[in-house]
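Each chain is listed here by its residues.
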Amino acid sequence: MGDMDPHIFAVAEEAYKQMARDEKNQSIIVSGESGAGKTVSAKYAMRYFTTVSGSASDTNIEEKVLASSPIMEAIGNAKTTRNDNSSRFGKYIQIGFDKRYRIIGANMRTYLLEKSRVVFQADDERNYHIFYQLCAAASLPEFKELALTCAEDFFYTSQGGNTVIEGVDDAEDFEKTRQAFTLVGVRESHQISIFKIIASILHLGNVEIQAERDGESCRVSPEDEHLSDFCRLLGVELSQMEHWLCHRKLVTTSETYVKTMSLQQVVNARDALAKHIYAQLFHWIVEHVNKALHTSLKQHSFIGVLDIYGFETFEVNSFEQFCINYANEKLQQQFNSHVFKLEQEEYMKEQIPWTLIDFYDNQPCIDLIEAKLGILDLLDEECKVPKGTDQNWTQKLYDRHSGSQHFQKPRMSNKAFIVIHFADKVEYLSDGFLEKNRDTVYEEQINILKASKFPLVADLFHDGKDSAPTTTASSKINIRSSRPPVKASNKEHKKTVGYQFRSSLHLLMETLNATTPHYVRCIKPNDEKLPFHFNPKRAVQQLRACGVLETIRISAAGYPSRWSYHDFFNRYRVLVKKRDLANSDKKAICRSVLESLIKDPDKFQFGRTKIFFRAGQVAYLEKLRADKFRAATIMIQKAVRGWLQKVKYRRLKGATLTLQRYCRGYLARRLAKHLRRTRAAVVLQKQYRMQRARRAYQRVRRAAVVIQAFARGMFVRRIYHQVLREHKATVIQKHVRGWMARRRFQRLRGAAVVIQCGFRRLKAKQALKALRIEARSAEHLKRLNVGMENKIVQLQRKIDDQNKELKTLSEQLSAITSTHTMEVEKLKKEVACYQQSQGEDRGPQLQEEVESLRTELQRAHSERKVLEDTHTREKDELRKRVADLEQENALLKNEKEQLNNQILCQSKDEFAQNSVKENLMMKKELEEERSRYQNLVKEYSRLEQRYDNLRDEMTILKQTPGHRRNPSNQSSLESDSNYPSISTSEVGDTEDTLQQVEEIGLEKAAMDMTVFLKLQKRVRELEQERKKLQVQLEKKEQQDGKRVPAEQPSNDSDLDQDADLAYNSLKRQELESENKKLKNELNELRKAVADQASEHSPAAAGTPDSYSLLLNQLRVANEELEVRKEEVLILRTQIVSADQRRLAGKGSEPNINARTSWPNSEKHVDQEDAIEAYHGVCQTNRLLEAQLQAQSREHEEEVDNLKAQLEALKEEMDRQQQTFCQTLLLSPEAQVEFGIQQEMSRLTNENLDLKELVEKLEKNERKLKKQLKIYMKKVQDLEAAQALAQSERKRHELNRQVTVQRKEKDFQGMLEYHKEDEALLIRNLVTELKPQVLAGAVPCLPAYILYMCLRHADYVNDDLKVHSLLTSTINGIKKVLKKHNEDFEMTSFWLSNTCRLLHCLKQYSGDEGFMTQNTAKQNEHCLKNFDLTEYRQVLSDLSIQIYQQLIKIAEGLLQPMIVSAMLENESIQGLSGVKPTGYRKRTSSMPEGDNSYCLEAIIRQMNSFHTVMCDQGLDPEIILQVFRQLFYMINAVTLNNLLLRKDVCSWSTGMQLRYNISQLEEWLRGRNLHQSGAVETMEPLIQAAQLLQLKKKSPEDAEAICSLCTALSTQQIVKILNLYTPLNEFEERVTVAFIRTIQAQLQDRNDPQQLLLDFKHMFPVLFPFNPSSLTMDSIHIPACLNLEFLNEV
């Protein structure tokens, strides 16, 4: 291992070998910068020693040595900016060995624990690991009493910022630490005590110290939880610790003073106490570890491992860094002394030729630190000065050492100094040097800890506790403790920390100088703590600073191995020849031996007393010595082994002779016995063989008979089976041939059908063409009209007949009713007679019973009066007592709030107040931004709703006027016309403009010209259209004029053209007249608008009249247009019909000719009927083709099945033939056995098949039973009236759902639908869905169904389908909400479904932030192709709109109830009798009767709201926000009415309000809604009720009111006091002076100026992410949704 690359195991091996070879103590000095890996290297070195050497006893000392590492790392290591596991103390571990070089014990010494880290950490640093490990394990049950939380909650562990180290699990490290404690022998009780002490330090850091007003004293609250936890964990008295934390004792010669301390002094004393407690605990743990590692065996030698802090330099360097770097200077000096000075001095002393090598000597720097009047000496001297300061000490350093080459003064600071160390320049800040060097802890606090009831805590601070640990007596070096014993608490004789550290460091140097050192230089690759990153410049700098380069030069040029002549002769005398031993001069002997063994004279040198070897030569000599010993050992082994073999041979020979004698006698006896047995066996065999032969013959004879019987039966059965198979084949052939004949017939028939269809289609096309030509003729239209007139006449006759029947039926009904009434009257008379007869007999009895009942009634009335009197008395007493208690409670609350305010004012500093204000401002800004955004969404929804309304009105106005008043023939004539109707556009535009004018308003419309510009534009368009129509009409007239001479014979087309011409001329005239009229009206409107625009503010009063005049004129014009239009159309139809009749009489002959010319004219066939006939033919063709294809597929499948059956039969026959041939070759017995085996195998196979079939049937039966139970429950839940009517449909649905259930295991959670079914899906699932239909289904089922449809569209990568479905869904929801804008249940239903759809899009979006709670099955249901983030935002905005509509509906339902229920209703009986003075005759403010509501009505309404939202699966967070908004509205409406009504501002109203609010709070707690913040929104109303009940006389009452009414503004308080109306019996009015006192005390408040609360204010809503635990494949669609077109994938 020594020949390999540098490794820590190689250094450990070299130290171990040198200890064993040279019998000298060894030391391994691990050095390097902070974070270079010193602690890990030391740990691996100790692990090597424990593994190689083992333990000398059964105490497992090596495991204890290794277990000390995690303990010391936990309590002594911490994270710094340079190292995540930096050792903040130094330790020197001595591992003791016995003579056989096995571990027998160990001892540990520590140096300078960095106590300041306990109370302060720089940025990005941590405290010691044990604090964070304990906080990480605080949730364990055994640590509940420590009262710990996370590390961020404690001041001593959160100053560095980040409390977590990346890649480190503090809880896991804590378990390792506890195991290590157990391994080194620390009992469980002691471990708990250690953890209590560490937890008490954390609680001590969180103790809040409050400064008094004078600034010279401070105090700690006795109710401080952390102080009580500190005292409880340490077992000390709380009152004493509370007192001595803030006071100190001054002892003089004459008396003793107790002095208070300032806030900074108390904080410093608290931190000093925490550091002292941790230091004492640290030393206690080190001593117990040493006790566990101590042994009573004699120590032969030891190896020391020094793991001390590395060279450190930070941005701010203090006393700890100074001591650490001082220790590194001493270690570097020791290294230089060992490697450079001593080495070269040795060469000079031995007179070996050598060239001196220059190296860096850091002795001047050490002298600067530790020499007389050095830095430490001046520091100790300044600590002794009574009023010494850090600045005075720094000035002394400047004066004394300014000329030193290793000391510098910074340019820009007088509080720092620079020391030039061997590794780098370090600037030290002098603040805190004196305090840390003194290490002052007040004696009174220590005495309290000494008096602890816990023994471990008391032992930590006793004087004898700090005695030096015992060391092994067998050590060759007297090793003293690194911590000198501390004397009593007399400060004059207490040694400083610097002095103690310097003494322990000198002791360490003595120990290292007395041992053979081995150096491990740890090089830090980079300063960023990055893996696999190497900075060459930093590495070279460290190598140069620690002297490695000079070491390499000396090692290359020097002689590292050396032996004295005496030692060399004693060790290597075996290599000396016998003749050389005769010489008495040992030096000459050594010289001759080396010259003979090592041929190169440069490999060694002879000094005066020693021989020096270059590297590797001692190993060569050791090899020669080992070879010599090996040859001698072999010779000795040869002689000894020969002698041993001879002795062994003689012993074996004697034993062999004895064994032979006994064996020969035994063999002779056995031979005689064998001969006797052989003779007896021959006799037995003879008899046995005879018997066996007889039995074999009889068995063969019986078997032959049986075989013959079975063989004969088998042959007979075989013949029978062959005959049976031939018969079956004949049957199969018969059926196959019949099937083939039928198939041929069907094929021929199908071909014939196809030919017939083609021929019929051709004929149908020809007939259709003829019908189309015939349909264009006027005669056909006339015949249709004639038929329609006949139908109308027939329908009229039917109506008359039905009216006659109705009259007869009504007459019959009246006759029946009259007879019924007569019979009823007869029955009534008979009943009356019967009652009279019965009453005469029972009269006296009834009178007696009535008298007895009267007496009982009087007695019950008297008892009731007594009970009522007692009840009223008790009620009055209780009411008085409650009033007194409430007054006392209010006073106590005021006192409590005043005390809390005082405490808060004293304890809060400016930084805390600023941070609280900033947090409040940030929260307020966030709420404002959220409310602003939601108001924009609300405004957008309102505008969108308005736009939809306007669009609907536009469509209605544009469509209805053209068809609303016209008859059917008129509309048909308009549709036949070639010119568009002008009436719809005109009326639509004018009414649209009127609607816009009305929406703009009367005041704004006078100056708005947009409406009139639209009218002007419309007129222009009409003029252009009129011109176009006129041009087209002129062209048509010219063309008709040319055609008239050429086409003299009149026909139906000429008549149509004449009718069209007449219609067009009428229409043109109509348009011209309407245009003229519109122009005139437009001019009038322009004049009116110009007149109104010219008038300014004086004429504003007359604006509405003139504007209404304009509107009236426009409406009159519209009405006239409609009337004119109807008249013109009626006249036009009459003229056209008259012309047709006139021409029909003249043109009878052409009509006859026309009839004869059309062969199908007599058939009354409509064009639509012909088209339907054509489509029917096409559909039949398609059906025939589909049937042919289906029949062909079925035929192919049947052929394949028959072929498969034939092949299976052939294989079966071949197999049976093979088995038959095999059986024929066998013997008869084998044939029988083979036949039996075949039959058994066949039966077993059939049995297995039947079992599988039975199992499948049982499974199906169980499934069907379960499904049957489910559906039976569903069927039983339906109403009995619908069960009979829908039984058939339910049966089909049941069958369909059963089949779905069978494939449930393969359902992937996707639903497929066709694009044309999208509108049906939205209609059934959104627009026409009622919440009551899904009463028993899964909440938010429509959202899940929509997501499953979206998921299938995503699965098939159809972006158009996804976009269309989401858009249709959103529009459908908006349409439903618009339709049901006052239905709370419907709005809540769609709010829950919209939120659930939004949650599904988030949960299955594929984002890791939304998938933390998903199961593996749910992760499979994520979207794969599309990112629907934009639609999530749209759905979020839609949810906000639905939420606002929900709040609006709920407020609309609750608002009428609030004033009556909260202020006017009598919740507490008896308070209404005391009315306010001056208002006895006023009753309008106290409504009664049907318009009044009680508090129970509000609670019932809110119960219904809560039930509806919970049943529909709305998120609980949204429900909380809904009730918070509703309670705010209740508060605002009630408070506004209270501020506006004088009759309700009284003491009794305050009592009613308090009772009502308590009932509402009880309701909130009962529904688990108290966390919604609804009670906080009611705070102004609560304070208003308290204000009505408080006294209002003295200044103390004014202060109480000001401190109590914090949620009310000054204006509101003054308003309530002004309106307050006292009761005559108890109090007086509020005086003006008292109100002015209130105003004076509240003038510093920055309250808003408005008096009333905005009850329409809406809090911003939050929709937290709430993933669903359901998987998509577990959701079933009920049949009531009518979604049969959805297919489960």
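Being a predicted model, the structure only gives us computed values, none of them experimental. (Residues numbered from 1 in each chain as written. Predicted model: local features only at pLDDT ≥ 70, side-chain atom pairs only at ≥ 80, totals over all residues. Heavy atoms only, no water.)

Caption draft 1: View of the sheet that holds strand β1 (residues 26-32). As summarised here, the arrangement of the five strands in space is β5-β4-β10-β1-β14, forming an open sheet in which the pairing is mixed. The sheet terminates laterally at β5 (103-111) and β14 (516-522), the two strands that pair on one side only. Across this sheet, the average inter-strand angle for adjacent strands is 15°, counted without regard to direction. Two elements, strand β4 (residues 90-97) and strand β10 (residues 301-307), share seven bridges in a ladder whose sense is antiparallel. Directly across from I93, in β10, lies its bridge partner V305. Across the sheet, helix α1 (residues 8-22) touches β1, β4, β10 and β14, and the angle it forms with β14 is around 180°. (Pairing = 2+ DSSP bridges. Helix = DSSP H or I, 4+ residues; strand = E, 2+ residues; numbered from the N terminus. Axes fitted to C-alpha atoms, helices over the stretch in contact; angles between N-to-C directions. Contact = heavy atoms within 4.5 Å.)

Caption draft 2: How the structure looks around the side chain of T39. The topology assignment puts T39 in helix α2 (residues 38-53). On the basis of relative accessibility, which here comes to 11%, the residue T39 falls in the buried class. A polar contact of 3.3 Å, which involves the side chain of T39, links it to the side chain of D307. (Buried < 20%, exposed > 50% of the residue type's maximum accessible area, 1.4 Å probe, protein only. Polar contact = N/O pair within 3.5 Å; in protein donor to acceptor, adjacent residues only side chain to side chain.)

Caption draft 3: Main features of helix α49 (residues 1610-1619). The buried count for α49 comes to seven of 10 residues, which makes it a mostly enclosed element. Within α49, burial applies to T1610, Q1612, I1613, V1614, I1616, L1617 and L1619. Residues of α49 that are buried in the fold lie against α44 (1516-1540), α47 (1579-1589), α48 (1595-1604) and α50 (1632-1641).

Caption draft 4: Fine view of a negative patch on the surface. A grouping of E1194, E1196, E1197, E1198 and D1200 is seen on the molecular surface, where their side chains present a negatively charged patch. You can see E1196 is positioned in helix α33 (residues 1167-1225). On the basis of relative accessible area, E1196 is assigned to the partly exposed category, the value being 49%. (Patch = residues over 30% accessible without salt bridge, like charges linked within 9 Å, V, L, I, M, F, W, Y side chains within 5 Å. Areas by Shrake-Rupley, 256 points an atom, 1.4 Å probe, with all protein chains shown as cover. Salt bridge = Lys/Arg side-chain N within 4 Å of Asp/Glu carboxyl O. Lys, Arg positive; Asp, Glu negative; His and termini not counted. Charge placed at Lys NZ, Arg CZ, Asp CG, Glu CD.)

Caption draft 5: Just the environment of P410, in detail. Its place among the elements puts P410 in the loop between β11 (407-408) and β12 (416-420). Placed 18 residues apart in sequence, P410 and Y428 show a C-alpha to C-alpha distance of 9.8 Å. For P410, the residues in contact, after removing those within four places along its chain, are Y398, A416, F417, I418 and E427.

Caption draft 6: Fine view of the packing of aromatic side chains. Taken as a whole and judged by the stated rule, the model has 35 aromatic pairs. For the pair F417 and Y428, a centre-to-centre distance of 5.5 Å together with 35° between the ring planes defines the contact as tilted. Of the two residues, F417 is situated in strand β12 and Y428 in strand β13 (residues 425-429); the sequence distance between them amounts to 11 residues. Assessed through its relative accessible area of 0%, F417 is described here as buried. On the numbers, 5.2 Å between centres and 75° between planes, the contact of Y1528 with F1659 is edge-to-face. With Y1528 in helix α44 and F1659 in the loop between α50 and β19 (1687-1688), this residue pair connects regions lying 131 residues apart in the sequence. (Phe/Tyr/Trp six-rings, centres within 6.5 Å; stacked < 30°, edge-to-face > 60°.)

Caption draft 7: Structural context of the sheet that holds β12. A sheet is described by the order of its strands in space; here three strands give the open sequence β11-β12-β13, paired in antiparallel fashion. Where the open sheet ends on each side, the last strands, each with one partner, are β11 and β13.

Caption draft 8: View of the pairing of β4. Counting buried positions along β4 yields eight of eight residues, so the element is predominantly enclosed. In β4, alternate side chains face the same way, and those of G90, Y92, Q94 and G96 on one face and K91, I93, I95 and F97 on the other are all buried. When β4 meets β5, the two strands line up antiparallel, connected through eight bridges. Across the sheet, residue G90 finds its bridge partner in β5, namely Y111.

Caption draft 9: Region of interest: the pairing of β1. Among the seven residues that make up β1, seven are buried, leaving the element largely enclosed by the rest of the structure. Both faces of β1 are covered, namely the face carrying Q26, I28, V30 and G32 and the face carrying S27, I29 and S31. Where β1 lies against β14, seven bridges are found, and the strand directions are parallel. Considered in β14, the bridge of V30 is made with V520. Sheet topology places β1 next to β10; five bridges connect them, and they run parallel. For Q26, the partnering residue across the bridge sits in β10 and is I303.

Caption draft 10: Structural view of α50. Considered for burial, the residues of α50 that qualify are F1634, I1635 and I1638. Looking straight down α50, one finds its buried side chains confined to an arc of 100°; they lie on one side. Exposed and oriented more than 90 degrees from the buried face of α50 are V1632, A1633 and R1636. Residues of α50 that are buried sit in contact with α48 and α49. (Arc of directions from axis to C-beta.)

Caption draft 11: Seen up close, a nonpolar patch on the surface. On the surface, I636, V640, W643, L644 and V647 cluster together into a nonpolar patch covering about 480 Å² of accessible area. Within the secondary structure, I636 is located in helix α22 (residues 617-775).

Caption draft 12: Local environment of the packing of helix α12 (residues 375-384) against helix α13 (residues 390-401). Running from N to C, α12 and α13 cross one another at 145°; their axes reach a closest spacing of 10 Å. By crossing handedness, the relation of α12 to α13 is classed as right-handed. Two secondary-structure elements touch here, α12 through I375, L378, L379 and E382 and α13 through N392, W393, K396, L397, R400 and H401. Across the contact of α12 with α13, the residue classes tally to five nonpolar, two polar and three charged. (Left-handed = near helix turned anticlockwise from the far one by under 90°. Nonpolar A, V, L, I, M, F, W, Y, C, P; charged D, E, K, R; others polar.)

Caption draft 13: The arrangement of the nonpolar core in detail. Formed by 125 residues in total, the largest nonpolar core has its most connected members in I1345, F1523 and L1686. With 17 residues, the top contributor of residues to this core is helix α42 (residues 1429-1464). Non-local contacts of I1345, meaning those with residues more than four positions away in its chain, are made with L1311, L1325, I1677, L1681, L1683 and L1686. The next biggest cluster of nonpolar side chains, apart from the first, holds 102 residues, and it includes I95, I130, L245 and V457. (Core = buried A, V, L, I, M, F, W, Y, C linked by side-chain atoms within 4.5 Å.)

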